[in-house]
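Residue-level structure breakdown
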Amino acid sequence: MENKVIDEKRQGEALHVAPGKRKPGKKMFIESYGCAMNFSDSEIVASVLSEKGYTTTGDYKEADLILINTCAIRDNAELRVRNRLKEFNSVKRKNPSLMVGVMGCMAERLKAQFLEEEKIVDIVVGPDAYRTLPDLIESVEGGQKAVNVLLSRDETYADINPVRLDSNGVTAFISITRGCDNMCAFCVVPFTRGRERSRDPLSIVNEAKSLFGQGYREVTLLGQNVDSYLWTGGGLKKDNPSAEELINATTFAQLLEQVALVDPLLRVRFSTSHPKDMLDDVIHIMAKYDNICNYIHLPVQSGNSNVLERMNRGYSREWYMERIRSIRQILPDCAISTDIITGFCGETEQEHLDTVSLMEWVGYDFAYMFAYSERPKTLAERKFKDDVPELEKKRRLTDIVALQQKLSGECTRAGVGKIHRVLVERVSKKSEDMLSGRNSQNTVVVFPKEHYKKGDYVNVLAETCTVATLIGKAV
Ligand code: 5AD
Ligand code: SF4
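Residues numbered from 1 in each chain as written. Chains lettered and ligands numbered in written order. Predicted model: local features only at pLDDT ≥ 70, side-chain atom pairs only at ≥ 80, totals over all residues. Heavy atoms only, no water.

**Considerations on the sheet that holds strand β11 (residues 218–222)**
Strand pairing in a sheet takes place through backbone hydrogen bonds and is either antiparallel or parallel in direction. Reading across the sheet, the three strands line up as β8-β11-β14 and stay open at both edges, with parallel pairing between neighbours. Edge positions in the sheet fall to β8 (171–175) and β14 (267–271), since each of these pairs with one other strand and no more. The mean inter-strand angle of the sheet, taken between neighbouring strand axes irrespective of direction, is 25 degrees. The sheet contact formed by β8 and β11 spans five bridges and is parallel. The residue bridging Ala172 from the neighbouring strand is Val219, located in β11. (Pairing = 2+ DSSP bridges. Helix = DSSP H or I, 4+ residues; strand = E, 2+ residues; numbered from the N terminus. Axes fitted to C-alpha atoms, helices over the stretch in contact; angles between N-to-C directions.)

**With respect to the state of the cysteines**
Under the definition given, this model contains zero disulfides. Cys334 takes part in no disulfide bond, and the closest cysteine sulfur to it belongs to Cys293, at a distance of 9.8 Å. (Disulfide = S-S within 2.5 Å.)

**Points about the packing of aromatic side chains**
In total, this model carries 11 aromatic pairs according to the counting rule given. Here a set of aromatic residues connected by ring pairs shows up, and it is made of Phe186, Phe344, Tyr372 and Phe384. Over the face of the ring belonging to Phe114 we find Arg82, whose NZ or CZ atom lies 5.6 Å from the ring centre. Above the plane of the ring of Phe212 lies Arg217, whose end atom (NZ or CZ) is 4.1 Å from the centre. (Phe/Tyr/Trp six-rings, centres within 6.5 Å; stacked < 30°, edge-to-face > 60°. Lys NZ or Arg CZ within 6 Å of the ring centre and 35° of its normal.)

**Side note on the confidence of the model for the protein chain**
Per-residue confidence for the protein chain gives a mean pLDDT of 94, with 94% of residues at or over 70. Here residues 1–8 scores under 50 on pLDDT; set against residues more than four positions off or in separate chains, the count is 44 contacts. Segment residues 15–23: pLDDT under 50, and 11 contacts once partners within four positions in sequence are set aside and those in other chains are kept. (pLDDT = per-residue confidence, 0-100. Contact = heavy atoms within 4.5 Å.)

**Regarding the side chain of Ser50**
Checked against the element boundaries, Ser50 lands in helix α1 (residues 36–50). Take Ser50: its relative accessible area is 5%, and that puts it in the buried class. At 3.0 Å, the side chain of Ser50 and the backbone oxygen of Ser47 are in polar contact. (Buried < 20%, exposed > 50% of the residue type's maximum accessible area, 1.4 Å probe, protein only. Polar contact = N/O pair within 3.5 Å; in protein donor to acceptor, adjacent residues only side chain to side chain.)

**Examining the environment of His297**
Position of His297 among the secondary structure elements: in strand β15 (residues 295–297). Classification of His297 as buried rests on a relative accessible area of 0%. Distance from His297 to Thr272, taken between C-alpha atoms, is 6.0 Å for residues 25 residues apart in sequence. A polar atom in the side chain of His297 sits 2.7 Å from the side chain of Ser337. In this structure the side chain of His297 is engaged in a polar contact, spanning 3.0 Å, whose partner is the side chain of Asp339.

**Some details on helix α7 (residues 201–213)**
The end-to-end C-alpha separation of α7 is 18 Å, in line with the 18 Å expected for 13 residues at 1.5 Å each. By the burial criterion, the buried members of α7 are Pro201, Ser203, Ile204, Val205, Glu207, Ala208, Leu211 and Phe212. Considering only its buried residues, α7 is in contact with β8, β11, β12 (230–231), β13 (250–251) and α9 (252–260). Sitting at the amino-terminal end of α7 is Asp200, which places a side-chain oxygen 2.9 Å from the backbone nitrogen of Leu202. Positive backbone phi, at 105 degrees, marks Gly215, one or two positions downstream of α7. (Expected span 1.5 Å × (residues − 1).)

**Structural notes on the nonpolar core**
The nonpolar side chains of soluble globular proteins are, as a tendency, buried together. Counting 98 residues, the largest nonpolar core has Leu85, Leu221, Phe252, Leu256 and Phe270 as its most contacted members. If you tally residues by element for this core, the top one is α9, at six residues. A domain split of this core shows at least three residues from each of domain 1 (2–148) and domain 2 (171–413). (Core = buried A, V, L, I, M, F, W, Y, C linked by side-chain atoms within 4.5 Å. Domains from an automatic or database assignment.)

And the structure:
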């Protein structure tokens, strides 16, 4: 899955639950792991269950229902979930009526097997079955365990108004596609999230408008591969659209423009772009609208064409470099980040060094880096041997992490002495007197509070920096 990986787990507590819909007493605790799509899905689940009278709590010890939204992308992501379930178990022993549900990618991967392996679990629900949660809860109330892991070809939850969890009231996610049709050899996502489908653009634009009306000032459009977004009218599935459907279709570039037009004060970001599908039309739309942020997350995975071929990524090193040249030419001020895997099946030292040289050539602003972790059922598991020793994978990872640290520092330092338009998101974690926000390039900028507040746009002159943060004052 190529959405930004949010490394820390987060517990979702809603700021606003529609009054009047509350029935007293029932409390849910939702904890999310993994990518932004999971965090966004938890907001859909909170909405489905708030209709049934559940309110959210930030303390699992007082919950009637614990839901854990899981990630299956690497083995260690699954291990963290198993350990967390052990912690929940101690509460369940004291309170046997406590219900525990697992949702998300690990639920989809393990299905009913989850119930065998983890006795604490009452509900297993896959990413396309969240509407059925109230029924599943009823089954458990009736004394049974409940599983629904059916994947769908058309579910996009387009009509569900997410309950914003953990929100700063300024930035929000909007999901625009679900699933993935790419079949990268290392990736479990096509198996856990099913076929790709696009959401009705009208519902996306309306969600953006509604968020803006509530005071939000930034939306991030989410999809496993946003560039392949394609709405072909009533039909939700985009397999083999006719020529006429294609003429009337909405592409990602067009959708981006529609969302940018909601209001010049609404910033628009998106994630994740796929190098094989991100063409110049998207970059031109970014250049046309000031409120589309100059930031592209473009996962390369490897800098070597043979590895990319084994990964089934659908592009070569040269193609990727050409995409970067286009970005630099059309949007000279654009920050670029990436995802990289070290030690994929058969990766030689020379192939690894190609990744190193590509990183240097691009000069990434930021990178998420991982050691390859073999996943059941994937193309790579069936076709190749996971033959790079763990220590070697880690050594290569350490190499590129150190390099990226240097590159990120250089990118941040280049912002010192310049004025940045910052959208204020919160009071700084380090000091009550400082505010924190991000510039268009997604770099965190911190500055003295003065009279400014959350949701303001402030021009900040950067005076110093750390590796990833600019520090300055309002001008
Ligand atoms: N092992 C290691 N990293 C992986 N990713 C996806 N699958 C695996 C795997 N099996 C990484 C990719 C992807 C990011 C979200 O996670 O870099 O872009
Ligand atoms: Fe991303 Fe490829 Fe996985 Fe799809 S299959 S989610 S494009 S890494």
